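Examination of the molecular architecture
Spelled out from the first residue to the last, the chains are:
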Amino acid sequence: MAEIKKVAVIGAGVMGASIAAHVANAGVPVVLLDIVAKDNPNRSAIAEGAVEKLLKADPAPFMSKSAAKFVTTGNIEDDLQLIGDCDWIIEAVIERLDIKQALYAKIEAARKSGSVLSSNTSTIPLANLIEGLPARFAGDFLITHFFNPPRYMRLLEVVAGEKSSPEAVASVTHFADVMLGKSVVRCKDRSGFIANRLGVYWLQTAVTEAFRSGLDIEEVDAIIGKPMGVPKTGVFGLLDLVGLDLMPHINASLAAGLPKDDPFHAVNTPVPLVEKLIADGYTGRKGKGGFYRINRDKGKLKEAIDLATGAFRPARKPQIEAIEESGRSLNRLLVHDSAHGRYAWRVLGPTLAYAAALAGDAADEISSIDEAMRLGYNWKFGPFELIDQLGGAWFTAKLEEGGVPVPAILRVADGRPFYRVHEGCRQALGLDGAYHDLVRPEGVIMLEDLKLNAVPVLKNGSAALWDIGDGVACFEFTSKMNALDPDTMDLLMRAIHEVARNFKALVIYNEGANFSVGANLGLALFAANIAAWTEIENLVAQGQTTYRMLKYAPFPVVGAPSGMALGGGCEILLHCDAVQAHAETYVGLVEVGVGLIPGWGGCKEMLQRWFSLGRLPKGPMPPIAKVFETISTATVAKSAAEAKELLFLKSTDGVTMNRYRLLADAKAKALKLAAGYKPPEPQLLNLPGPSAKVAMKMAVDSFARLGKATPYDQVVSGALAEVLSGGETDITETIDEDGLLKLERESFRKLIRRPETLARIEHMLTTSKPLRN
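Keep in mind the model is a prediction, meaning the values are calculated, not measured.

Considerations on the pairing of strand β7 (residues 155–160)
- Burial of β7 is extensive: 5 of the 6 residues sit out of reach of the surface.
- Alignment of β7 against strand β8 (residues 183–187), held across 5 bridges, turns out to be parallel. Counted as the bridge partner of leucine 156 is valine 184 from β8.
- Read as a crossover between parallel neighbours, the route from β7 over helix α7 (residues 166–178) to β8 is right-handed.

What to know about empty space enclosed by the protein
- One pass over the structure, following the stated rule, counts 1 cavity of 30 Å³ or more.
- Of the volumes computed, that of the largest cavity is approximately 70 Å³.
- Surrounding the largest cavity, His22, Met63, Arg151, Met153, Arg154, Leu180, Gly181, Lys182, His582, Ala583, Glu584 and Met657 form its lining.
- Considered class by class, the residues forming the lining of the largest cavity number 5 nonpolar, 3 polar and 4 charged.

Focus: the packing of aromatic side chains
- In total, this model carries 16 aromatic pairs according to the counting rule given.
- With a centroid separation of 4.9 Å and an interplanar angle of 75°, the aromatic rings of phenylalanine 384 and phenylalanine 418 are classed as edge-to-face. Taken together, the residues span a long stretch of sequence, with phenylalanine 384 in helix α18 (residues 383–390) and phenylalanine 418 in the loop between α20 (408–413) and β12 (419–422) at a distance of 34 residues. With respect to class, phenylalanine 384 is no different from phenylalanine 418; both count as buried.
- Taking NZ or CZ as reference, arginine 293 lies 4.1 Å from the ring centre of phenylalanine 312, over its face.
- If you follow lysine 398 out to its NZ or CZ, it ends over the ring of tryptophan 345, 4.8 Å from the centre.

Things to note about a positive patch on the surface
- A contiguous patch of positive charge on the surface is contributed by Lys226, Arg328, Lys380 and Lys480.
- By secondary structure assignment, the location of lysine 380 is in the loop between α17 (366–376) and α18.

Quick word on the pattern of salt bridges
- Tallied over the entire structure, the rule returns 45 salt bridges.
- Across the pair glutamate 605 and lysine 551 runs a salt bridge whose closest N-O atoms are separated by 2.8 Å. Of this pair, glutamate 605 sits in helix α26 (residues 602–612) while lysine 551 is found in helix α24 (residues 533–551), placing the two residues 54 residues apart along the sequence. Both residues of the pair, glutamate 605 and lysine 551, count as buried.

A few points about the sheet that holds strand β23 (residues 636–637)
- Pairing is mixed across the open sheet formed by 3 strands, whose spatial order is β20-β22-β23. The open sheet has two free edges, formed respectively by β20 (563–566) and β23, since each of these has just one partner strand.
- Across 4 bridges, β20 lies against strand β22 (residues 585–588) in parallel orientation. Looking at the pairing, glycine 563 lines up with threonine 585 of β22.

Details of the sheet that holds strand β10 (residues 301–305)
- The sheet built from 3 strands is open, its strands ordered β9-β10-β11 with antiparallel pairing. Where the open sheet ends on each side, the last strands, each with one partner, are β9 (292–295) and β11 (312–314). Between one strand axis and the next, the sheet turns by 40° as a mean value, whatever way the strands run.
- Pairing of β9 with β10 involves 4 bridges; the strand directions are antiparallel.

Comments concerning the layout of surface pockets
- Volume-wise, the second largest pocket comes out at about 520 Å³.
- Lining the second largest pocket we find 25 residues, and of these Glu605, Gln608, Arg609, Ser612 and Lys650 sit closest to its centre.
- When residues of the lining of the second largest pocket are traced back to their parent elements, those giving at least two are α26 and α28 (640–645).
- For the lining of the second largest pocket, the element with the most residues is α26, which contributes 4 residues.
- Among the residues forming the lining of the second largest pocket, the class breakdown is 10 nonpolar, 5 polar and 10 charged.

Quick word on helix α19 (residues 392–401)
- Every buried residue of α19 is accounted for by Gly392, Phe395, Thr396, Lys398 and Leu399. Projected down its long axis, α19 shows its buried positions confined to an angular sector of 160°, all on one face.
- Each element contacted by the buried residues of α19 is listed here: α15 (330–334), α16 (339–358), α18 and α20.
- A positive phi of about 75° marks glycine 403, the residue just after α19.

Some thoughts on α18
- All of the buried residues in α18 are Pro383, Phe384, Leu386, Ile387 and Leu390. Here the buried residues of α18 occupy an arc of 155° about the axis, which is enough to place them on one side.
- Phi for glycine 391, located one or two positions after α18, is positive at around 100°.

Details of the nonpolar core
- In this structure, Trp202, Phe291, Phe384 and Phe418 are the most contacted members of the largest nonpolar core, which totals 110 residues.
- Sorting elements by how many residues they give to this core places α16 first, with 11 residues.
- Judged by nonpolar contacts, the second largest core, of 80 residues, contains Ala463, Ile496, Leu589 and Leu740.

Some thoughts on the packing of α26 against helix α32 (residues 737–752)
- Two elements in contact, α26 and α32, have axes separated by 8 Å at closest approach and are oriented at 135°. Classified by the angle between their axes, α26 and α32 sit oblique to one another. Contacts between α26 and α32 involve Gly602, Cys603, Lys604, Glu605, Leu607 and Gln608 from the first element and Glu737, Leu740, Leu741 and Glu744 from the second.
- When its residues are assigned to classes, the contact of α26 with α32 shows 4 nonpolar, 2 polar and 4 charged.

Describing a nonpolar patch on the surface
- On the surface, a cluster of nonpolar side chains totalling about 240 Å² of accessible area is made up of Leu241, Val242 and Leu246.
- Position of valine 242 among the secondary structure elements: in helix α10 (residues 236–242).

With respect to the side chain of serine 164
- Within the secondary structure, serine 164 is located in the loop between β7 and α7.
- Given a relative accessible area of 11%, serine 164 falls into the buried group.
- Among the polar contacts made by the side chain of serine 164, one reaches the main-chain carbonyl oxygen of phenylalanine 141 at a distance of 2.7 Å.
- Within the local environment of serine 164, its side chain forms a polar contact with the backbone nitrogen of glycine 161, the two atoms lying 2.8 Å apart.
- With residues up to four places along the chain from it excluded, the contact list for serine 164 reads Ala138, Gly139, Phe141 and Leu142.

Rules used throughout
- Residues numbered from 1 in each chain as written.
- Predicted model: local features only at pLDDT ≥ 70, side-chain atom pairs only at ≥ 80, totals over all residues.
- Heavy atoms only, no water.
- Buried < 20%, exposed > 50% of the residue type's maximum accessible area, 1.4 Å probe, protein only.
- Helix = DSSP H or I, 4+ residues; strand = E, 2+ residues; numbered from the N terminus.
- Pairing = 2+ DSSP bridges.
- Right-handed = clockwise from strand over helix to strand, strands pointing away.
- 1 Å grid on protein atoms, 1.4 Å probe; cavity = no way out; pocket = protein on both sides within 12 Å on 5 of 7 lines; lining within 4 Å.
- Points joined across faces, edges and corners; volume = space filled by probe spheres on them.
- Nonpolar A, V, L, I, M, F, W, Y, C, P; charged D, E, K, R; others polar.
- Phe/Tyr/Trp six-rings, centres within 6.5 Å; stacked < 30°, edge-to-face > 60°.
- Lys NZ or Arg CZ within 6 Å of the ring centre and 35° of its normal.
- Patch = residues over 30% accessible without salt bridge, like charges linked within 9 Å, V, L, I, M, F, W, Y side chains within 5 Å.
- Areas by Shrake-Rupley, 256 points an atom, 1.4 Å probe, with all protein chains shown as cover.
- Salt bridge = Lys/Arg side-chain N within 4 Å of Asp/Glu carboxyl O.
- Lys, Arg positive; Asp, Glu negative; His and termini not counted.
- Charge placed at Lys NZ, Arg CZ, Asp CG, Glu CD.
- Axes fitted to C-alpha atoms, helices over the stretch in contact; angles between N-to-C directions.
- Arc of directions from axis to C-beta.
- Contact = heavy atoms within 4.5 Å.
- Core = buried A, V, L, I, M, F, W, Y, C linked by side-chain atoms within 4.5 Å.
- Parallel < 35°, antiparallel > 145°, perpendicular 65-115°, else oblique.
- Polar contact = N/O pair within 3.5 Å; in protein donor to acceptor, adjacent residues only side chain to side chain.

This is the structure in structure tokens:
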């Protein structure tokens, strides 16, 4: 298997440029080429302009703006020789076979032997793409279908032809997995592959049935959303996000490429209202709106379209009895005797039946179809997992009752589940009717797999400690949103003693959507409302003591975050010896948003990091000012790379691109640190005291005069300044960790008792948005 060290992307449109940006995120040099710009003295203006747009885009395609230095731009006519030393060349030009094949002829003459060429097409069969091209070309050619935006969408569909070499497939699969963080799903050479073929069928069915059922779009999105494990955008919100104008093109390509007897054709009917919306510029969020819009003439009022009249009206929160009466039972929803229940079945029933029919056609493994929908469309459960939840026999009977053809794989299953655990191993049903082990890629460790054969070393309602082998323990948060509470701290304290006795190292990791959103605010608000101030102060002291013990434990501690690590979740990382972070980790000390300051050592740790940096201007104020700016504005790093720039992570901390590989990488780092480990030495600081506090107060006051800081922002910032300045210390004196922790506790104690803070906490819990009071 050849190693991929340099990549080229040809086609600097939104997709091609974003693919190049993500290659650059991996620290890999990438060449980005496009056609020569017309009527422009700069012949490479298209590719250069694409990079400039990427640097301004939101959400950001680059994990750090510094990654742009890995991108070399040019044009196809003058700079095609730049692909000569590239190991993987990705074509992402317009979906026209003649244009692609003309480009391939040029690439074939310029590329090196053994390089892999792939197309990002989602509509043209591989056999057509390589027709008439040399055997060498066909052997090195694949389809690699990225999902948009490439940085954030973890799915990569790979299609290999009959002539594609196993080495080419292996090289791209390994690089996409380890370096780009993709879950690679092998697909057959069928129109739409897996995710778009099934996903577009699902969307088209949901839209046509919505018109037929006479439901409001808010009702549809509520039914299709949480009850079915679909993101809260539902159907119409998702179409707005993707772009209404894109759907007719995808539908047309599927209609042209799928067999005439494919069920897709039955639901692929024109929707006049959608055609009118597109014609009027309502293409979704990127345009004036779509099925939903924000009416700025009415004070940013959210409006929704009425499917019957085509007119916009104020959006409303639906009350759906079918959902309320069904509780958590999807079966009950699908048989509910109401328009909402019937709609739910008319969408999900055919969708799951279509998914079952794809087994053996789009892919041979049901796990590939499930993975494609989980990662390509962000379903919580894949279609076969949903059938297992419903019961295969129940689902088959319901299809037969409605006269819907039963796919072969359901007959093969004959009521058996598609997935099972056998002798501690996860298995999936194959097309042959036998169960087969689900084998992870080499180097992947998942806690969910380890749990199949293990019991926790320690456990309570908020956390658990697991033995993950080789003398390494894993501490897992298990509460809702992995919020931290007294039980978390209690078990962490017990875990520290347990690991000291029986293990070499500790990894802090979980497989939730977020590492931790911080302290349990609901618990804090409840305690405040009953004036249980002592309980709150004890929790702050408990957190400080526990995190400090973690920092100075006689074994190495490695934090392994993914998703959000906010507030107390960030603070625990600051106390780890090292961090192995998933690339998509969002880290920040956001306590000011709820009228508080970091109280579990976050201020102390950030001060120590910035004072130790060594590249700021001399004097005590520059590092203090950086910490003050970061915490007082609740700055959140939007990637692990940004977290390093903000010093939430150290320069020596590791970054894992593939979420599935995070635990294995963290465990390896912990074992490496365990050899000859010594805890860190306590650090003393010289802080200016009152003079620094005055300087920070003046900065906040100036923001207040400009309308950028509220009156209560000034109060909270003043409490933060008290801590960061060192209180009543002087630059000639040193302040230790105890002193800084005491200042944190005092400022936290004063703020939590203020009604403005309690109002911020309540508003955050109610709306998930900060209150500017």
